[in-house]
Amino acid sequence: MGPAAGSTTRRRITALAATAAVVATLAASSPAAVAGTPDAAPVKSPVAVGYGGAVSSVDANASAVGIDVLRRGGNAVDAAVATAAALGVTEPYSAGIGGGGYLVYYNARTHRISTIDGRETAPHTATDGLFLENGKPLPFDQAVTSGLSVGAPGTPATWQAALDRWGTRSLAQSLAPAERLAERGFTVDQTFRQQTADNQARFADFPATAKLFLPGGRLPVVGSTFANPDLARTYQELGRRGLGALYRGDIGTDIIDTVHKPPVSPTATRKVRPGKLSAADLAGYGVNFRSPTHVSYRGLDVYGIAPSSSGGTTTGEALNILQRYDLSTMSSAQYLHHFIEASRIAFADRGRWVGDPAYTNVPSRGLTSRQFADSRACLIKPDAVLSSPLPPGDPRHPVSGCDHGGTAAPTTYEGQNTTNLTVADRWGNVVEYTLTIEQTGGSGIVVPGRGFLLNNELTDFDFAPANPAVPDPNLPGPGKRPRSSISPTIVLKDGRPDFAIGSPGGATIITTVLQVLLGHVDRGLPLVDAIAAPRASQRNGANTELEPGLYNSPLRGELERIGHHFALNPEIGAATGVQRLPDGRWVAAAETVRRGGGSAMVVHPSGKE
Ligand code: GLU
């Protein structure tokens, strides 16, 4: 962190802490934070400051579950798994055992960063024509609501792997609070109702989905209690019998049957294509422990997730480009301009080079090297805008001059969904974890009697190359992981955690994580304010998306005058993070408004200086 930006950040955090402690006290000490009863949901607060560990997620029940694990002596990994399992109950359209995700972990004992790639995998029978019919790509929405898009889930294996390596609790213990939550239910809020409404038409076409999420054929009412006894039983079975119940047992058989013969209502008119996921695909599933990506940025060490996600390499490349500029003293317009252009360049390179490393040679080191960033940063002009699609450069052989790239390919479409959580414990361990079932509502298909939705993660593959003249590393393949944008990021200062950040939002995850990081490090914003700040997202497209706070500001005109084009995006991402203060306290930070606001909690709230 640059000295000027650093001192501003610390000053503002101190001022914030006094008020934050009041809300944090309310949040962490409400009876429901311990008991988790449906009629007394914990108070939601976007920020909390104190000792003993911290949890931030989009949901107060889930954060309370994590805090309770920490309070009872569990570590950050135990709490992260328990929180994730709770999100599977309260955020069933974004996360759950039917999906996958990526976890980044800082181990306070070894001072090392490790990661788990728990991405879903394609069936071993998949080819690059998985989403082609008569040589043409399927319409995206038809692919989404299908058995075809369901990958072998990675989330249960991620939980078990994290607990085995770094946790202190069993899977059964970690699932128990979520199991209770599923049994007793949680209070429906406006976000849950709206997400159900957005999915109502397709949910209604699957009787098992409608029975669970549209009880009596209607949307759940705000303030009512939503319970999921089927999921409680599934969690119990998983806890009692272990992972084998899903990857080689009854739960797996139910998943496979559902994928092979999606249980569609006889009155449904939509065509729901079956998939070919098999028992062998489930039995063969394994997570990957991968080395993190790493770049240094203003004296900080930024660790991210390596491919199969494009998160770490793309944020890393953008940071390497941006470190050449003093963003802390730039005007707001110039700062945004540089952020937008660096994102555009990094996305051009992501599209050409990043896919599942088991299937394509991903030049991760090149993409995150200073030399390559230098060969691309020279494209940025202070008073003109690059046009998209921008051609990719070649990170395998960075040139000493300017790399203008070869042939361009547009960025392919991705939705904007998912959920994220951040946990820190009293020992200094940190977990940043993004988990997903892809689309909000996943495939729309609940496994009958099991209480969870199947993912549609395979739609993150490119259905066909965006430009046939440019090699595409993200076409479907047998057993292949679709490229992700998930970007859980842990930032160290002098070898110790400084802050951690992650977000949902499909490909906008990358720009959100980047923007929060820049807002905090370069623009001197406290983490919660960096998260709250209005967002922009440029992904090598003609338009940069702006949230209303930027779209309706004079900054837009200033930027349009130098050639930017903008489109309105009502809401981008839903970030969570933690920050370690110099005195050892944790700041947990979440959204103030997006997705109805997030839930930040600490174990022992404290406003003390
Ligand atoms: N499928 C997305 C990805 O892995 C995450 C889901 C989302 O946020 O849209 O990048």
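Residues numbered from 1 in each chain as written. Predicted model: local features only at pLDDT ≥ 70, side-chain atom pairs only at ≥ 80, totals over all residues. Heavy atoms only, no water.

- The name that an unreviewed UniProt entry assigns to the protein is Glutathione hydrolase proenzyme, with the source organism given as Streptantibioticus ferralitis.
- A UniProt comment under Sequence similarities (unreviewed entry) is attached to the protein, and it reads "Belongs to the gamma-glutamyltransferase family."
- Per UniProt, the protein carries the Pathway (unreviewed entry) text "Sulfur metabolism; glutathione metabolism." (UniProt positions renumbered as here; feature names shortened; annotations may be inferred.)

### What to know about the state of the cysteines
Here's step 1: Scanning the entire structure with this criterion turns up one disulfide.
Here's step 2: Residue pairing for Cys378: its cysteine sulfur links by disulfide to Cys402, the two sulfurs lying 2.1 Å apart. Note on the Cys378 and Cys402 pair: the S-S dihedral is about 115°, so by sign convention the disulfide is right-handed. Here Cys378, found in the loop between α17 (370–377) and β11 (419–425), pairs with Cys402, found in the loop between α17 and β11; they are 24 residues apart in sequence, far enough to count as distant. (Disulfide = S-S within 2.5 Å. Helix = DSSP H or I, 4+ residues; strand = E, 2+ residues; numbered from the N terminus.)

### Here's the deal with helix α3 (residues 60–71)
Here's step 1: In this model, α3 (twelve residues) spans 16 Å end to end at C-alpha, consistent with the 16 Å of a helix rising 1.5 Å per residue.
Here's step 2: Here α3 lies mainly inside the structure; eleven of its twelve residues are buried.
Here's step 3: Taken as a whole, α3 has its buried residues at Ala60, Asn61, Ala62, Ser63, Ala64, Val65, Gly66, Ile67, Asp68, Val69 and Leu70.
Here's step 4: Looking at where α3 begins, the residue whose side-chain oxygen comes 3.1 Å from the main-chain nitrogen of Asn61 is Asp59.
Here's step 5: Two residues or fewer after α3 comes Gly73, characterised by a positive phi angle close to 100°. (Expected span 1.5 Å × (residues − 1). Buried < 20%, exposed > 50% of the residue type's maximum accessible area, 1.4 Å probe, protein only. Polar contact = N/O pair within 3.5 Å; in protein donor to acceptor, adjacent residues only side chain to side chain.)

### Things to note about the site of the ligand
Here's step 1: Near the ligand, the surroundings consist of 16 residues, among which Thr418, Glu438, Glu457, Asp460 and Gly506 are the closest.
Here's step 2: Within the contact set of the ligand, a nitrogen atom lies 2.4 Å away from a side-chain nitrogen or oxygen of Asp460.
Here's step 3: Here an oxygen atom of the ligand sits 2.8 Å away from a polar atom, N or O, in the main chain of Ser485.
Here's step 4: A total of 290 Å² of accessible area belongs to the ligand in isolation, and the protein chains cover 100% of it.
Here's step 5: Partitioning the shell around the ligand into residue classes produces two nonpolar, nine polar and five charged. (Near = heavy atom within 4 Å. Areas by Shrake-Rupley, 256 points an atom, 1.4 Å probe, with all protein chains shown as cover. Nonpolar A, V, L, I, M, F, W, Y, C, P; charged D, E, K, R; others polar.)

### Some points on the packing of aromatic side chains
Here's step 1: Under the definition given, this model contains 14 aromatic pairs.
Here's step 2: An angle of 20° between the planes, with centres 4.3 Å apart, marks the rings of Phe131 and Phe463 as stacked. Here the residue Phe131 occupies a position in the loop between β3 (112–118) and β4 (132–133), and Phe463 occupies one in the loop between β12 (430–436) and β13 (489–493), the gap between them amounting to 332 residues. For the pair shown, Phe131 and Phe463 are each scored as buried.
Here's step 3: Through successive ring pairs, a cluster of aromatic residues spans Tyr93, Phe186, Phe192, Phe203, Phe213 and Phe226.
Here's step 4: In this structure, Arg165 is placed above the aromatic ring of Phe289, and the distance from its NZ or CZ to the ring centre is 3.6 Å.
Here's step 5: Here the basic side chain of Arg523 rests over the ring of Tyr335, its NZ or CZ set 4.5 Å away from the ring centre. (Phe/Tyr/Trp six-rings, centres within 6.5 Å; stacked < 30°, edge-to-face > 60°. Lys NZ or Arg CZ within 6 Å of the ring centre and 35° of its normal.)

### Description of the pairing of β12
Here's step 1: Burial of β12 is extensive: seven of the seven residues sit out of reach of the surface.
Here's step 2: Judged by which residues are buried, β12 turns out to be covered on both faces: Val430, Glu432, Thr434 and Thr436 on one side and Val431, Tyr433 and Leu435 on the other are all buried.
Here's step 3: As paired strands, strand β2 (residues 100–107) and β12 are joined by seven bridges and run antiparallel to one another. Across the sheet, the residue bridging to Gly100 is Thr436, located in β12. (Pairing = 2+ DSSP bridges.)

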